[in-house]
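Summary of structural features
Here's the letter readout for the chains.
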Amino acid sequence: MKRIFFLDDSGPPFGHMVLALGGYLGGFDGNFLWNRIGAEYSSNVPVWSLRLLPALAGALSVPMAYQIVLELHFSHCAAVGAALLMLIENALITQSRLMLLEAVLIFFNLLAVLSYLKFFNCQKQSPFSLSWWFWLTLTGVACSCAVGVKYMGVFTYMLMLVVAAVHAWHLIGDQTLSNVRVFCHLLARAVALLVIPAVLYLLFFYIHLTVLFRSGPHDQIMSSAFQASLEGGLARITQGQPLEVAFGSQVTLRSVFGKPVPCWLHSHQNTYPMIYENGRGSSHQQQVTCYPFKDVNNWWIVKDPRRHQLVVSSPPRPVRHGDMVQLVHGMTARSLNTHDVAAPMSPHSQEVSCYVDYNISMPAQNLWRLEIVNRRSDTEVWKTILSEVRFVHVNTSAVLKLSGAHLPDWGFRQLEIVGEKLSRGYHDSTVWNVEEHRYGTSQEQREREWELNSPVQVDASRNLSFMARFSELQWRMLVLRSDDSEHKYSSSPLEWVTLDTNIAYWLHPRTSAQIHLLGNIVIWVSGSLALAIYMLLFLWYLLRRRRNVHDLPQDAWLCWVLAGSLCAGGWAVNYLPFFLMEKTLFLYHYLPALTFQILLLPVVLQHISDHLCRSQLQRSVFSALVVAWYSSACHVSNTLRPLTYGDKSLSPEELKALRWKDSWDILIRKH
């Protein structure tokens, strides 16, 4: 809302844009600090508008569940059952009533499944018709939107691609279709399910980066070039800097790696201690570190080893790939140096220092070869911000590297810089770029110190393309990790299935009214049971069909397989990957998988009634049991209403009674 650039690990920007659209429609100006969960909203926050689109997405998921079961060729009764379960599931209600993204993700997941089923059924009747194209295109759009809301959406997208690929494989084997027609079918699917989602995904980021053009607190995570493309912040500092680095240039060097924090090559008057805490000795030279703040001690002068001048000549002589340089610290006039002395925190690497002449048998080794990593030719000029460079030590072939280790108190807890022996390839920790740059004009040290403390601008311009910004932002989103420490309400995937966890979302500051993310235990347990029954029946039918025993007619078997592929497969792809994730997990991560389980439940119930109940009496008894089961699910949903809506004050005893596990424990103790 304030057009300020931000970055977090929740995923692509489309979900945030959906919430922002609601705020925009409500006239929200963005003036609220979202820094404390449970804080009361000020009068300028249009809560109703901000919650509108997630609530609408949650509401529309109910009729879509009905339509999906119908498109799978099951009865209206089963479709109504699926819609009812979506309607009364407390966890889905809670999640859709707040400013959260799971309801929007579930909506697009279901829309993708429904659209594909509509397309698949059109395929049998009228291929290449207007409705056929509409549903196929909408499938790709919905998949792209799901991925754009959260990266979890890629699981459903992959499922749809696999199902579409299997159907396309069968289409290729259809001898009634000509080669041209088969090619047209495959081309249409490739465009709708691959090209359109990719274009839409790029469009989300294009809008995101166009809207968020102002500098913000997350800038430092990004590269210097990205920061310079934002209004204010680094762009204000770097505007008009010289583009080409020349001998005599004054520069600050930023580590491209940016971990554990963004930092700049730095030195100061202090030296390494003679003896480290572990008894090893050092060179007692001037410390060189990586400092995570802008400071005058971050400035270095690029010196030509063949000349004594520390100023830029006229005309400037640009530094090119492969040139030998010396890096002279601007404030102390000492040269960057490394030698065969172990680094303080990384003893297998070389110590890096600024050379102090103690008049002993330790000569200066301060020649470095510049390598431009992202060069296009071997004569490329070193450019401000744009060039990513390495410094290779001439004497020892060591590469200037950020180790990431923190120095002890004698190093002011700054980050260690080492000389790493040259190896094949390169790592970002050995790559640097010039962030701030000026042409030095002062040869005398005192005048130079004054110059380094004074801003200067020279006309030049650097524009980062959209694809370059998209690629960097996408990579940062993928590798950015939030605090992985244990949270009070974090849980494991195994706890989700048994509903052995919940999340307290809100507590009234004066009464005991509260909102919890807590599922309907009847629906959750029944969903898991239905999944197990489906898998057992599927394997049983498969084995018997292998023995040429067909328990189901071919049409019923195909419907059974397709329903399992989408519903059981949807549960699996949205649940099992969490066992491989090394991040803090919460109950709401299970909700997309739960929706597919809910879709499967009435499908299994109808299958049992139609194909396993042999007599009319058995069907009647089973139907009565199903009605009783639905009644119990509705009763539990209504019982949990105070924790779903937060509209009723609860005593501690009432609250404990609403948690199914505590209620069960109390019942056992009574008996």
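Residues numbered from 1 in each chain as written. Predicted model: local features only at pLDDT ≥ 70, side-chain atom pairs only at ≥ 80, totals over all residues. Heavy atoms only, no water.

**What to know about the overall build of the protein**
Quick reminder of the rule: Helix and strand definitions follow DSSP, with helices as H or I runs of at least four residues and strands as E runs of at least two, each counted in order from the N terminus. Only protein chains enter the calculation, and the probe is 1.4 Å; a residue is then buried if its accessible area is under 20% of its type maximum, exposed if over 50%, and partly exposed in between. The contact rule is simple, with two residues in contact once any of their heavy atoms fall within 4.5 Å. Only the protein chains shown count as covering a residue, and every accessible area follows the Shrake-Rupley method with a 1.4 Å probe.
When its secondary structure is counted, the protein shows 20 helices and 14 strands. Summarising its shape, the C-alpha atoms of the protein cover approximately 105 × 70 × 55 Å along the three principal directions. Going through the 671 residues of the protein one by one, you find that 51% of them count as buried. Taking as baseline every contact in the protein between residues at least 6 positions apart, the subset at least 24 positions apart corresponds to 73%. Carbon and sulfur atoms make up 61% of the accessible area of the protein, which totals about 32200 Å².

**Describing the UniProt feature "domain: MIR" (unreviewed entry) in the protein**
Applicable threshold: UniProt positions are given in the numbering used here, feature names are shortened, and annotations may be inferred rather than shown by experiment.
Following the UniProt record, the feature "domain: MIR" (unreviewed entry) maps to residues 242-305, 316-373 and 377-437 here. Its end C-alpha atoms 22 Å apart, residues 242-305 is made of 0% helix and 41% strand.

**Description of the state of the cysteines**
Cysteine pairs can be linked by a disulfide, which is a covalent bond between their two sulfur atoms. Condition: Throughout, a disulfide means two cysteine sulfur atoms within 2.5 Å of one another.
Taken as a whole and judged by the stated rule, the model has one disulfide. C263 shares a disulfide with C290; S-S distance 2.3 Å. Across the disulfide from C263 to C290, rotation about the S-S bond amounts to roughly 90°, and the bridge is consequently right-handed. Of this pair, C263 sits in the loop between β1 (249-255) and β2 (264-271) while C290 is found in strand β3 (residues 286-291), placing the two residues 27 residues apart along the sequence. Not engaged in a disulfide, the cysteine C143 finds its nearest cysteine sulfur in C145; these two sulfurs lie 9.4 Å apart.

**Some points on the domain arrangement of the protein**
Size of an interface, as often reported, equals the accessible area lost when the parts are brought together. The condition is simple: What fixes the domain bounds is an automatic or database domain assignment.
Along its sequence, the protein is organised into domain 1 (13-32 + 44-210 + 499-658) and domain 2 (242-455). Look at where the C-alpha atoms of domain 1 and domain 2 centre, and you get two points 55 Å apart.

**Describing the side chain of H321**
The following threshold applies: Polar contact is the term for a pair of N or O atoms within 3.5 Å; when the atoms are in protein, one must be able to donate a hydrogen and the other to accept it, and sequence-neighboring residues count only if both atoms are side-chain atoms.
Here H321 is to be found in the loop between β4 (299-303) and β5 (324-329). Taking the relative accessible area as the measure of exposure, H321 reaches 16% and is therefore buried. Separated by 3.0 Å, the side chain of H321 and the backbone nitrogen of I372 make a polar contact. With sequence-adjacent residues up to four places away left out, H321 is seen in contact with L370, E371, I372, R375, D378 and E380.

**Side note on the packing of helix α7 (residues 153-172) against helix α8 (residues 179-211)**
Each pair of packed helices can be summarised by the angle the axes make with each other and by the distance between the axes. Formally: Whenever a helix is involved, its axis is fitted only over the stretch in contact; in every case the axis is a line through C-alpha atoms, and angles between N-to-C directions fall within 0 to 180 degrees. Each angle receives one of four descriptions, namely roughly parallel if under 35 degrees, roughly antiparallel if over 145, roughly perpendicular if within 65 to 115, and oblique otherwise. Think of it as three bins: nonpolar holds Ala, Val, Leu, Ile, Met, Phe, Trp, Tyr, Cys and Pro, charged holds Asp, Glu, Lys and Arg, and polar takes everything else, Gly as well.
Packing of α7 against α8 brings their axes to within 10 Å, and their N-to-C directions diverge by 170°. In terms of orientation, α7 lies roughly antiparallel with respect to α8. Residue-level contacts link Y157, L161, A164, A168, L171 and I172 of α7 to V182, H185, L186, R189, L193, L194 and P197 of α8. Taken together, the residues that form the contact of α7 with α8 break down as 11 nonpolar, one polar and one charged.

**Points about a nonpolar patch on the surface**
What counts is decided by this rule: To count toward a patch, a residue needs a relative accessible area above 30% and no salt bridge. Like charges then connect within 9 Å, nonpolar side chains (Val, Leu, Ile, Met, Phe, Trp, Tyr) within 5 Å. We define a salt bridge as a contact between a side-chain nitrogen of Lys or Arg and a carboxyl oxygen of Asp or Glu at a distance within 4 Å.
There is a patch of nonpolar side chains on the surface, built from F183, L187, V191, L194, V195 and V199 and spanning about 550 Å² of accessible area. Residue position: L194 is located in helix α8.

**A closer look at the packing of helix α5 (residues 102-125) against α7**
Axis separation between α5 and α7 bottoms out at 10 Å; the angle between their running directions is 10°. In terms of axis orientation, α5 runs roughly parallel to α7. Across the interface between the two elements, L105, N109, A112, V113, Y116, F120 and Q123 of α5 pack against G153, T156, M160, V163, A164, H167 and L171 of α7. Class assignment for the residues of the contact of α5 with α7 results in nine nonpolar, five polar and no charged.

**Side note on the nonpolar core**
Worth spelling out the cut-off: Remark: nonpolar core denotes a set of buried residues (Ala, Val, Leu, Ile, Met, Phe, Trp, Tyr, Cys) joined through side-chain atoms within 4.5 Å.
Of all hydrophobic cores here, the largest spans 128 residues; its most connected members are F5, L72, F108, L473, W524, W560 and L599. Per element, the largest residue contribution to this core is 15 residues, and it comes from α5. Look past the residues within four positions of W524 in its chain and what remains in contact with it is E89, A91, W496, V497, L499, G519, L587, Y590, L591, L594 and Q597. Ranked by size, the runner-up nonpolar core spans 28 residues in total, among them C290, V389, L400 and L415.

**A word on the confidence of the model for the protein**
Going by this rule: pLDDT is a per-residue confidence score from the predictor, ranging from 0 to 100.
Within the protein, residue pLDDT values average 88, and 93% of them lie at 70 or more. Taken together, the stretch residues 456-462 has pLDDT below 50 and engages in 19 contacts with residues farther than four places along the chain or on a different chain. In the predicted structure, residues 663-668 sits below a pLDDT of 50 and forms three contacts with residues beyond four places in sequence or in another chain.

**Quick notes on the packing of aromatic side chains**
The criterion, for reference: Two rings belonging to Phe, Tyr or Trp (six-membered ring only in the last case) form a pair when the distance between their centres is within 6.5 Å. Interplanar angles under 30 degrees mark stacking, angles over 60 mark edge-to-face geometry, and anything in between is tilted. Any Lys NZ or Arg CZ that is within 6 Å of a ring centre and within 35 degrees of that ring's normal is treated as a charge sitting over the ring.
All told, the structure shown has 36 aromatic pairs when counted by the stated rule. Ring centres of Y291 and F293 lie 5.6 Å apart, and the angle between their planes is 65°; on these two criteria the pair is classed as edge-to-face. You can call Y291 partly exposed: its relative accessible area is 21%. Where W496 meets Y590, the ring centres are 6.1 Å apart and the plane angle is 40°; that geometry is what we call tilted. Note that W496 is positioned in helix α13 (residues 493-497) and Y590 in the loop between α15 (554-575) and α16 (591-612), a separation of 94 residues in sequence. Accessibility classification places W496 together with Y590 in one group, the buried group. Sitting over the face of the ring of W299, R438 holds its NZ or CZ atom 4.3 Å from the ring centroid. The residue whose ring lies beneath R641 is Y645, and the NZ or CZ to ring-centre distance is 4.7 Å.

**Examining the environment of A192**
Turning to its location among the elements, A192 is positioned in helix α8. Of the residues examined, A192 reaches a relative accessible area of 2% and is grouped as buried. Those residues within four positions of A192 in sequence are excluded, and the remaining contacts are L136, T137, G140 and P197.

**A short note on unusual backbone geometry**
Residues S314 and P315 are joined by a peptide bond in cis, for which omega reads -5°. In this fold, P315 is placed in the loop between β4 and β5.

**Here we look at α16**
Residues separated by three or four positions in an α-helix point in the same direction, a consequence of the helix having 3.6 residues per turn. We apply this condition: Between the first and last residue of a helix there are one fewer steps than residues, each counted as 1.5 Å, and that sum is the expected span.
In this model, α16 (22 residues) spans 30 Å end to end at C-alpha, consistent with the 32 Å of a helix rising 1.5 Å per residue. Among the 22 residues that make up α16, 19 are buried, leaving the element largely enclosed by the rest of the structure.

**Here we look at the environment of S346**
Secondary-structure assignment places S346 in the loop between β6 (336-342) and β7 (350-354). Judged by its relative accessible area of 18%, S346 falls in the buried class. Along the backbone, S346 and S403 are 57 residues apart, and their C-alpha atoms lie at a distance of 7.6 Å. Residues within four places of S346 in sequence aside, it is in contact with S403, E416 and V418. A polar contact of 2.8 Å, which involves the side chain of S346, links it to the side chain of E416.

**Digging into α15**
Here is the rule: To get the bend at a given residue, fit one axis to the seven residues ending there, fit another to the seven starting there, and take the angle between those axes.
With 22 residues, α15 should reach 32 Å at 1.5 Å per residue; the first-to-last C-alpha distance of 30 Å fits that figure. The sharpest bend along α15 measures roughly 30° and falls at G569.

**Notes on the pairing of β1**
Where we set the bar: When DSSP finds two or more bridges between two strands, those strands count as paired.
Judged by how many residues are buried, β1 sits mostly within the fold: seven of seven residues are covered. By the bridge criterion, six bridges tie β1 to strand β12 (residues 432-439) in an arrangement that is antiparallel. Bridge pairing in β12 places Q250 opposite R438. In this structure, β1 lies alongside β4, joined through three bridges in antiparallel fashion. Of the residues in β4, the one forming a bridge with V251 is W300.

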